[in-house]
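Here are the chains, one letter per residue:
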Amino acid sequence: MSMDRAADRTRKPAFLVVDDDQDTAEALRSALCRRFEADYEVYAISSARAAVELLEGFCARHQPLAVVIAALSMPEMTGVEVLVQVRRLHPDAGRALLLEGFSRRETELVSQAMAMGRTDSWIFKPWEPAERNLFPRVSELLADWVEATGQPAFHPVRVVADAGAPRTHELRDMLVRNDVAAEFLAPDSPSGQALLDAAGVDGSRLPVAVYWRGLVQVQPSLGDIAGALGVPARPSCDDYDVTIVGAGPAGLSAALCSASEGLHTLLLEPRSFGGQAGSTSLIRNYLGFPRGVTGRQLASMAYDQCMLFGAESVFDRAERLDVRGDRLILTLGNGGRVTSRSVVISVGVDYRRLGAPGVEELIGSGVFYGAAVSEAPAVRGHRVCIVGAGNSAGQAAVHLAKFAEHVTIVIRGPSLSAAMSDYLVKEIEAAPNISVRLNTQVVAAGGDGHLEHLTLRTPEAPGPEQVDAAALFIMIGARPQTDWLADTVQRDDLGFILTGPDLMDGGTPPAGWTLARPPLPMETSVPGVFAVGDVRGGSTKRVASAVGAGSIAIHFVHQFLAAR
Ligand SMILES: Cc1cc2nc3c(=O)[nH]c(=O)nc-3n(C[C@H](O)[C@H](O)[C@H](O)COP(=O)(O)OP(=O)(O)OC[C@H]3O[C@@H](n4cnc5c(N)ncnc54)[C@H](O)[C@@H]3O)c2cc1C
């Protein structure tokens, strides 16, 4: 058991500063004390070896370790080597390197340490003003530590639910992706029973959600939960300038641009504001976030920004699109309708199914499509498998390895590097608890109400092999979520929406096209309906591209509306 799990909660968690320059270590300690001393014990030490002994000492006396900041260059051991020991002894602690600046050598060392998961962040010397250069960095590390160790004392939502039930997974996934700190309690646990008693319900119909203001919901739908958290289930009016369908990065960006430019904007989303990005542990390639940003953080900030600029949001899905004269009618999942002068479709893609016997029955009970972030704490100490060979699978493996006893990546092909970025391949090779099974397929899954084992098949092996697995994360590609559009807008054979020049056939516009001009870039075969992000045929499947496309699409929406 890791030290943090057996932590002595009566002791304040520790901060540790390691720098061979004693004055620097002491100055950093006193800066940290100024802000954090009420809740944390701050230690400074000028010997890297002594620091490792101190780390062992924290383990021995069960004192949780929250944050370690280690100078990059020290004579006895490098800061990276110290942080490797931190990861071994205190897997949840936030780690940062202390740097003189970004010299060529330091840049190389830090970027390698970041890519290998050997540090979470860095801090420059001098760090004054600490309010700008030090405290925010440390607070970010603390926020991650609090989440990883399950420390938050306050949960605005507490849910009593059966741990293995698919419905529980669905609720947890929705709450986590929408960045709501929720506590899940088993109905037969003392705290679960106490919460049911306090809420005045008997627990025969689970799940039960209890909110900080006292509201109690029995067997709530996702819409009920969204409503309780302030996201309406119905639009406030029935005529918008733009309705944006899907609130992933593309939809959020489109909503922000359109609302901030004065268009009356509605944003529809049935699952989680942030889309797929919400299931990403760390986006490292998004402009302006050199230390990376979690999809949830990005989504939550973007959502607030959209709302502040006046966009309206509704927690529901679009189920049908019709054209009536110069108006576009969207039918929603709850049966309601929205009329709009233009529509931006940004519904993204959905995971491809594995199709092996036993797998579908166990979805949410150990089998997950994506969801590596939200389920990661739940696999602590277990053996897990990931199927997939792309960057999503690689990122999931690295993230899950922080929690699981062992992670096995199963891929059909002969090499990991065919579809995965080099930095991820290196990170996986360096991780002691990740192994890769090449030329292998998952052919069955089984377990008693919850995934317990998988059957793997490798062509050269004499027969199938059964391996223990408490969780299976499937990341084998995706399919556009466009069935609801039927024949309204033209799609390619895979279901991706065709736009702009892709609709033209040797200078001839698509069938049914009613305007003299050809479709605008990002405009679909229906005038005034645009498609952006992953769902658009030929799009680049990255967050930055989706965000860029969302804002560009609004430029063309303006052109379309102005011409009308
Ligand atoms: C695990 C993982 C890791 C990734 N890591 C990175 C990374 O590190 N860097 C990077 O750049 N990219 C990464 N990506 C890719 C990136 O997340 C996507 O390219 C990006 O999210 C696409 O944005 P989008 O808005 O087009 O679609 P999505 O993010 O898929 O959002 C679509 C939204 O539409 C909603 N929706 C679907 N149907 C309907 C409907 N009928 N009505 C209303 N709403 C609907 C969905 O619920 C969803 O919220 C990753 C993807 C995954 C899965």
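The rules we used
Residues numbered from 1 in each chain as written. Predicted model: local features only at pLDDT ≥ 70, side-chain atom pairs only at ≥ 80, totals over all residues. Heavy atoms only, no water. Core = buried A, V, L, I, M, F, W, Y, C linked by side-chain atoms within 4.5 Å. Buried < 20%, exposed > 50% of the residue type's maximum accessible area, 1.4 Å probe, protein only. Contact = heavy atoms within 4.5 Å. Pairing = 2+ DSSP bridges. Helix = DSSP H or I, 4+ residues; strand = E, 2+ residues; numbered from the N terminus. Axes fitted to C-alpha atoms, helices over the stretch in contact; angles between N-to-C directions. Phe/Tyr/Trp six-rings, centres within 6.5 Å; stacked < 30°, edge-to-face > 60°. Lys NZ or Arg CZ within 6 Å of the ring centre and 35° of its normal. Domains from an automatic or database assignment. Parallel < 35°, antiparallel > 145°, perpendicular 65-115°, else oblique. Left-handed = near helix turned anticlockwise from the far one by under 90°. Nonpolar A, V, L, I, M, F, W, Y, C, P; charged D, E, K, R; others polar.

What to know about the nonpolar core
Formed by 55 residues in total, the largest nonpolar core has its most connected members in Phe15, Leu16, Leu32 and Leu134. Not counting chain neighbours up to four residues away, the residues in contact with Phe15 comprise Leu32, Phe36, Tyr40, Glu41, Val42, Tyr43, Ala66, Val67, Val138 and Leu142.

Some thoughts on the sheet that holds strand β1 (residues 14-18)
Spatial strand order, β2-β1-β3-β4-β5: five strands in an open sheet with parallel pairing. In the strand order of this sheet, the two ends are held by β2 (41-45) and β5 (121-124), each with one partner. With strand direction ignored, the average angle separating the axes of adjacent strands in the sheet is 20°. Pairing geometry for β1 and strand β3 (residues 65-71), over five bridges, is parallel. Following the sheet pairing, Phe15 is matched in β3 by Val67. The strands touched by helix α2 (residues 48-60) within the sheet are β1, β2 and β3, with β1 carrying the most contacts at an inclination of about 170°. In the packing of helix α6 (residues 135-149) onto the sheet, the strands contacted are β1, β3, β4 (94-99) and β5, and the crossing angle to β3 comes to about 140°.

Regarding the packing of aromatic side chains
Within this structure, the stated rule accounts for 13 aromatic pairs. Between Tyr43 and Phe58 the ring centres are 5.2 Å apart and the planes differ by 70°, which places this aromatic pair in the edge-to-face class. Remark: Phe58 occurs in helix α2 and Tyr43 occurs in strand β2; sequence separation between them is 15 residues. Residue Tyr43 shares its accessibility class with Phe58, and that shared class is buried. Aromatic pair Phe530 and Phe560: ring centres 6.4 Å apart, planes at 75°, arrangement edge-to-face. One end of the pair, Phe530, is in strand β26 (residues 529-531); the other, Phe560, is in helix α15 (residues 543-563), with 30 residues separating them in the sequence. With a relative accessible area of 0%, Phe530 lands in the buried category. A connected cluster of aromatic rings, assembled from ring pairs, spans Phe15, Phe36, Tyr40, Phe135 and Trp145. Above the plane of the ring of Phe184 lies Arg172, whose end atom (NZ or CZ) is 4.9 Å from the centre. Just above the ring of Trp122 sits the side chain of Arg291; from NZ or CZ to the centre is 4.2 Å.

Observations regarding the domain arrangement of the protein
Domain boundaries assigned for the protein yield domain 1 (3-149), domain 2 (157-228), domain 3 (239-349 + 480-563) and domain 4 (360-476). In this structure, domain 3 and domain 4 have C-alpha centres spaced 33 Å apart.

What to know about the environment of Arg205
Of note, Arg205 is situated in the loop between α8 (190-199) and β8 (208-211). Along the chain, Arg205 and Ala161 lie 44 residues apart, while their C-alpha atoms are 9.3 Å from each other. Once you skip the residues sitting within four places of it in the chain, Arg205 turns out to touch Val218 and Gln219.

Quick word on the packing of helix α1 (residues 22-36) against α6
Their axes nearest at 11 Å, the elements α1 and α6 cross at an angle of 65°. As the angle between them shows, α1 and α6 are arranged roughly perpendicular. In terms of crossing hand, the pair formed by α1 and α6 is right-handed. Side by side, α1 and α6 meet where Ala31, Leu32, Arg34, Arg35 and Phe36 of the first sit next to Phe135, Val138, Ser139 and Leu142 of the second. A per-class count over the contact of α1 with α6 returns six nonpolar, one polar and two charged.

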